[in-house]
Amino acid sequence: MNFIKKIIPMKDFTLKSLMQFEKTPLNMFMFIVTIALLAAFGWGVAEYLMHSHHAYNVTREHPWGLLIAMYIFFVVSSTGLCIVGSLGDVFGFEDYMAMSKRAIFGSIVTILAGFAVIAFEIGHPVTMLIYNVLSPGLTSAIWWMGTLYGLYLTFMIIEFVFLMRNDMKNARIFGLTGLLVGLAAHSNLGGVFGFLNARIISNGVFYPTYFILTAFITGIYLTFLMYGFRYKMQIPDNIKKGLLGLAKIQALLLGILMFFETWKLLTAVYGGMPGRADTAEHIFHSGTFLYGEVLCGMVIPFVIMLATKWQSIKLYVFTSFIGMIGIFFMRYDLVHDTQLKPLQMMKTTEYQLPPTWVEYFPSAAEIAIGFGAIGIFFMLYYFGQKIFDLEGGDH
């Protein structure tokens with residue numbers, strides 16, 4: 001342990017102290033939720049190990065399900081927190097310097113939660129790791145996604161070590177490198193959808209840029225939630241100044257996102273192209289898009305931030321919770337809506353009904369693993385607060 005402390009400074013702790021926490025109603029609620037989510041994750045993994053992909057409701061017509069959506073949800077969150085953390089230690093904005101340690105640690109644990117999800121979506125994750133090196137697919141966007149995210153996690157860990165050692169020079173170097181690799185990885189993840197020539201509702205340049213924009217938005221939502229919970233809404237003045245600055249940035253980003261989304265739908269519907277216009281119209285009438293993605297993810301937070309003139313941090317914490325619900329529906333809709341239109345639209349047998357929209361609802365195992373990974377994030381974040389000094393001058 002002393003050897004590890006020489007590498008990365010840690011608090012003095014024992015196994016008993018790690019398990020001790022203040023028994024407030026909120027803390028007890030979070031404890032029960034975390035245990036329940038971890039138990040659900042364990043059950044879902046057991047179902048997967050016994051039944052493989054038969055435990056999931058994915059089909060040949062709808063091969064990507066909730067686990068892909070949750071993986072994207074977590075890696076988007078990680079990239080967003082990386083961007084927020086980089087505002088201070090990489091770009092030198094003093095108002096955000098105190099947030100760097102917590103944001104960068106958050107980016108590490110969120111991507112680890114994402115890897116925990118995708119491990120049980122990939123058929124053979126160990127084999128994948130081996131042949132990712134031995135037989136790289138340089139023309140595959142998914143190969144680049146996995147490789148770049150692996151490098152990104154490595155740079156984030158190194159940056160965090162230097163932040164804990166207060167070595168800001170090296171933290172800035174590895175932070176900038178990690179940020180650039182993370183943005184490349186995340187934009188490439190959008191490219192996985194943009195390269196789908198057979199799915200014209202997703203094909204194009206929109207998603208590689210959209211992913212970066214929504215990552216920053218997600219990172220700001222999570223920053224408000226982390227600090228709201230950490231200080232029980234009693235935010236120190238130096239952190240409050242940074243959070244109010246983030247609220248202004250968030251309002252701008254949400255305005256840009258709504259502008260992007262509007263033109264995406266207009267260009268999809270215009271001209272009535274089969275496979276794109278009808279899919280866009282179907283999406284526009286879905287509840288998950290209107291109430292989840294648009295209302296919770298964009299409109300409600302945007303209106304609240306404008307109405308309060310960026311002066312109510314407590315309200316922004318609750319708004320961020322609503323916003324994260326919207327972010328989940330953005331990820332779910334992204335995956336599901338891409339596969340809405342059947343690729344085979346002709347009848348193949350005499351008495352077959354005409355093909356219609358592909359229906360999908362996740363199985364219990366998918367829900368358990370996907371949402372159970374939130375428990376992994378909670379657990380890792382809790383132990384990180386106990387082991388590391390994440391304050392960075394914010395106390």
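Residues numbered from 1 in each chain as written. Predicted model: local features only at pLDDT ≥ 70, side-chain atom pairs only at ≥ 80, totals over all residues. Heavy atoms only, no water.

A. Structural context of the overall build of the chain. A count of helical and extended segments in the chain gives 14 helices and zero strands. Counting from the amino terminus, helix and strand elements in the chain follow one another as α-α-α-α-α-α-α-α-α-α-α-α-α-α. For the chain, the C-alpha radius of gyration of 22 Å lies close to 21 Å, the compact-globule estimate for 395 residues. Here the C-alpha coordinates of the chain stretch approximately 75 × 50 × 45 Å along the principal axes. Sorting the 395 residues of the chain into buried and exposed places 49% on the buried side. When the accessible surface of the chain is totalled, it reaches about 19,000 Å², and 71% of it is carbon and sulfur. (Helix = DSSP H or I, 4+ residues; strand = E, 2+ residues; numbered from the N terminus. Rg over C-alpha atoms; globule rule 2.2 N^0.38 Å. Buried < 20%, exposed > 50% of the residue type's maximum accessible area, 1.4 Å probe, protein only. Areas by Shrake-Rupley, 256 points an atom, 1.4 Å probe, with all protein chains shown as cover.)

B. Highlighting the side chain of Ser363. Within the element layout of this structure, Ser363 appears in the loop between helix H13 (313-338) and helix H14 (364-387). Here Ser363 falls in the buried class, since its relative accessible area comes to 10%. Ser363 has contacts with Ala55, Tyr56 and Asn57, leaving out every residue within four places of it along the chain. (Contact = heavy atoms within 4.5 Å.)

C. How the structure looks around the pattern of salt bridges. This structure, assessed with the given rule, holds four salt bridges. A salt bridge links Lys241 to Asp95, with the nearest nitrogen and oxygen atoms 3.7 Å apart. Taken together, the positions of Lys241 in helix H10 (residues 237-269) and Asp95 in the loop between helix H4 (66-89) and helix H5 (100-118) put the pair 146 residues apart, joining distant regions of the chain. For Lys241, a relative accessible area of 52% corresponds to the exposed category. Where salt bridges share partners, they join Arg102, Arg230 and Glu391 into one cluster. (Salt bridge = Lys/Arg side-chain N within 4 Å of Asp/Glu carboxyl O.)

D. Broad picture of the packing of aromatic side chains. Considering all chains together, one arrives at 34 aromatic pairs under this definition. Measuring from centroid to centroid gives 6.2 Å for Phe193 and Tyr207, while their planes differ by 55°, and the two rings are tilted. Of this pair, Phe193 sits in helix H8 (residues 168-194) while Tyr207 sits in helix H9 (residues 206-230), placing them 14 residues apart in sequence. For Phe193, a relative accessible area of 1% translates into the label buried. Taking the centre distance of 6.3 Å and the plane angle of 50° together, the rings of Phe284 and Phe289 count as tilted. Residue classification places Phe284 among the partly exposed positions, given a relative accessible area of 43%. The class of Phe289 is buried, set by a relative accessible area of 5%. One aromatic cluster in this structure is built from Trp64, Phe193, Phe206, Tyr207, Tyr210, Phe211 and Phe260. Directly above the aromatic system of Phe21 lies the positively charged group of Lys23, at a separation of 4.7 Å from the ring centroid. (Phe/Tyr/Trp six-rings, centres within 6.5 Å; stacked < 30°, edge-to-face > 60°. Lys NZ or Arg CZ within 6 Å of the ring centre and 35° of its normal.)

E. Representation of empty space enclosed by the protein. Here the structure, examined in full by the defined rule, presents one cavity of 30 Å³ or more. Space inside the largest cavity adds up to approximately 140 Å³. Forming the boundary of the largest cavity are 16 residues, of which Tyr207, Lys264, Asp333, Leu334 and Asp337 lie nearest the centre. Of all the secondary structure elements, the ones that give two or more residues to the lining of the largest cavity are H9, H10, helix H12 (287-307) and H13. The element contributing the most residues to the lining of the largest cavity is H13, with five residues. Its residues assigned to classes, the lining of the largest cavity shows nine nonpolar, two polar and five charged. (1 Å grid on protein atoms, 1.4 Å probe; cavity = no way out; pocket = protein on both sides within 12 Å on 5 of 7 lines; lining within 4 Å. Points joined across faces, edges and corners; volume = space filled by probe spheres on them. Nonpolar A, V, L, I, M, F, W, Y, C, P; charged D, E, K, R; others polar.)

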